[in-house]
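# Fold and geometry: a report
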Amino acid sequence: MIAIPDKAKQFLVAAAKLLIVGGAFYFIYDQLAHNDKLEWQKFVDLFKKNWTIGGILFILSLSFINRFLEILKWQNLVGSFKKISIGEASKQVLAALTASIFTPNGIGEYAGKALYYEASQTKKILFLNLVNNGIQMLLSVVFGIFGLLYFNAHFGVITARTVGVIFAMFCGLIAASFFFKSFAIKGYSLEKIVHKISALPKKIHRKNIFLGLCRYLVFSHQYYFLFLAFEVDLPYWMLMSVIASMYFLASSLPTFQFFDFAVKGSVAVYFFSLLGVNEWIVIFISTLMWFLNVVLPVVIGSYYVLQFKTRRP
């Protein structure tokens, strides 16, 4: 194995940092500056008409709470083997978010967090991050299914036959998971993963589920309040069912963090068009959610990426 001189290592690490941060800012700028579906003048007119300092601070506070809950989740999970401070958890979560902005479905987040730990702890960190993201996905699926059923009961978008096929596929997937639970890929099987998850203390799981539920309610209601601010007058349960359905379907599609708002926006446009909501409002709110909950944390995370120092194995 060829040894890399320390000076070369320092140069490569510095170049990687600049590439991640520079690339993140370029993609953010590109998406905001060259999206021809964002009608800025309409936004400015509505902003002058309806928005107040209190309203802005309220929406920003929801973004802060959303990310802070994610930080608490990570601190809780890492606490299963090592105590870390909120400051350290914040550094790891925000830096990993920045590193994941170029990768499909935020896969880079796994590697970003693992870099803060010894090489011997890499598998443990990857597993804990899987548990961390898994609970959010599970909540999106549960709320999304109920949201779709509620929405479909009013609009009949999906036929009864289609619902039956989806239900049969779901049951088949569950049956297959039990049948192939011992099937292993590179030493990992579903049975082994379930065993590792159940090995975590119940206190850790309860707190993870609670924080995940709180986070889901925060960002879904942030969406809700933004629609109210844009003068979308729809019944609460109908609006929330569409938001839940949108997050469920959008989360099921492979995408990149910097395209996240475009994917969610495209799904949302379809649902809200059935409710008579203007397309530009849906796209603008999806973009605002992306800016508030991805772009702003990435800006802060960029600082931590630049400050990152490699650990010895």
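Since the structure is predicted, the reported quantities are computational estimates derived from the model, not experimental observations. (Residues numbered from 1 in each chain as written. Predicted model: local features only at pLDDT ≥ 70, side-chain atom pairs only at ≥ 80, totals over all residues. Heavy atoms only, no water.)

Our next topic: the environment of Ser-245. Relative to the elements of secondary structure, Ser-245 occurs in helix H10 (residues 236–251). The spatial distance from the C-alpha of Ser-245 to the C-alpha of Phe-143 is 7.7 Å, given a sequence separation of 102 residues. (Helix = DSSP H or I, 4+ residues; strand = E, 2+ residues; numbered from the N terminus.)

Taken as a whole and assessed by the stated rule, the structure comprises four salt bridges. Salt-bridge contacts for Glu-70 lead to Lys-73; the nearest nitrogen and oxygen are separated by 3.6 Å. Of this pair, Glu-70 and Lys-73 both sit in helix H3 (residues 53–78), three residues apart, roughly one helical turn. With respect to burial, Glu-70 and Lys-73 carry one shared label: buried. A salt bridge links Glu-109 to Lys-113; the shortest N-O distance between them is 3.0 Å. Here Glu-109 and its partner Lys-113 are both found in helix H5 (residues 108–114), four residues apart, which amounts to about one turn of the helix. (Salt bridge = Lys/Arg side-chain N within 4 Å of Asp/Glu carboxyl O. Buried < 20%, exposed > 50% of the residue type's maximum accessible area, 1.4 Å probe, protein only.)

Here we take up the UniProt feature "transmembrane region" (unreviewed entry) in the chain. Under the UniProt annotation, the feature "transmembrane region" (unreviewed entry) is placed at residues 12–29, 49–69, 130–151, 163–188, 209–228, 234–251, 258–275 and 281–306. In residues 281–306, the share of helix is 100% and the share of strand is 0%. The end C-alpha atoms are 36 Å apart. (UniProt positions renumbered as here; feature names shortened; annotations may be inferred.)

Turning next to a positive patch on the surface. A cluster of basic side chains, namely Lys-83, Lys-202, Lys-203, Arg-206 and Lys-207, defines a positive patch on the protein surface. Tracing the chain through its elements places Lys-83 in the loop between H3 and helix H4 (86–99). (Patch = residues over 30% accessible without salt bridge, like charges linked within 9 Å, V, L, I, M, F, W, Y side chains within 5 Å. Areas by Shrake-Rupley, 256 points an atom, 1.4 Å probe, with all protein chains shown as cover. Lys, Arg positive; Asp, Glu negative; His and termini not counted. Charge placed at Lys NZ, Arg CZ, Asp CG, Glu CD.)

This part takes up the nonpolar core. Among the nonpolar cores identified, the biggest contains 37 residues, and Tyr-223, Phe-227, Phe-230, Phe-272, Leu-275, Val-277 and Ile-285 are the most heavily contacted of them. In this structure Tyr-223 touches Ile-243, Met-246, Tyr-247, Ile-285, Ser-286 and Met-289, once residues within four positions along its chain are discounted. If you look at the next biggest cluster of nonpolar residues, it comprises 18 residues, including Val-78, Ile-84, Ala-89 and Tyr-117. (Core = buried A, V, L, I, M, F, W, Y, C linked by side-chain atoms within 4.5 Å. Contact = heavy atoms within 4.5 Å.)

What follows is about unusual backbone geometry. In this structure, Glu-231 takes a positive phi of about 65° despite not being glycine. With respect to the element layout, Glu-231 can be found in the loop between helix H9 (202–229) and H10. Judged by relative accessible area, which is 45%, Glu-231 ranks as partly exposed.

Time to look at a nonpolar patch on the surface. Together, Leu-138, Val-142, Phe-143, Ile-145, Phe-146, Leu-149, Leu-213 and Leu-217 line one region of the surface with nonpolar side chains, adding up to about 680 Å² of accessible area. The set of elements that each furnish at least two residues to the nonpolar patch consists of helix H6 (122–155) and H9. Looking at the nonpolar patch, the element that brings in the most residues is H6, giving six residues. Considering the arrangement of structural elements, one finds Phe-146 in helix H6.

Take the packing of aromatic side chains next. Where two aromatic rings form a pair, the distance of their centres and the angle of their planes describe that pair. Per the stated rule, a full pass over the model turns up 13 aromatic pairs. With centroids separated by 6.2 Å and ring planes inclined at 55°, the aromatic side chains of Phe-81 and Tyr-117 adopt a geometry described as tilted. Linking Phe-81 in the loop between H3 and H4 with Tyr-117 in the loop between H5 and H6, this pair joins segments that are 36 residues apart in sequence. On the basis of relative accessible area, Phe-81 is assigned to the partly exposed category, the value being 26%. Residue classification places Tyr-117 among the buried residues on the basis of a relative accessible area of 5%. (Phe/Tyr/Trp six-rings, centres within 6.5 Å; stacked < 30°, edge-to-face > 60°.)

Before going further, it helps to examine H9. Here H9 is 28 residues long and its end C-alpha atoms lie 40 Å apart, about the 40 Å a rise of 1.5 Å per residue gives. Phi turns positive, to about 65°, at Glu-231, one or two residues after H9. (Expected span 1.5 Å × (residues − 1).)

Turning our eyes to something else, we now look at the packing of H9 against H10. Between H9 and H10, whose axes approach to 10 Å, the crossing angle comes to 120°. Classified by the angle their axes make, H9 and H10 are oblique. Classified by chirality, the crossing of H10 by H9 is right-handed. From H9, Tyr-216, Phe-219, Ser-220, His-221, Tyr-223, Tyr-224 and Phe-227 reach across to H10, where they touch Tyr-236, Leu-239, Met-240, Ile-243, Ala-244, Met-246 and Tyr-247. Tallied by class, the residues present in the contact of H9 with H10 amount to twelve nonpolar, two polar and no charged. (Axes fitted to C-alpha atoms, helices over the stretch in contact; angles between N-to-C directions. Parallel < 35°, antiparallel > 145°, perpendicular 65-115°, else oblique. Left-handed = near helix turned anticlockwise from the far one by under 90°. Nonpolar A, V, L, I, M, F, W, Y, C, P; charged D, E, K, R; others polar.)

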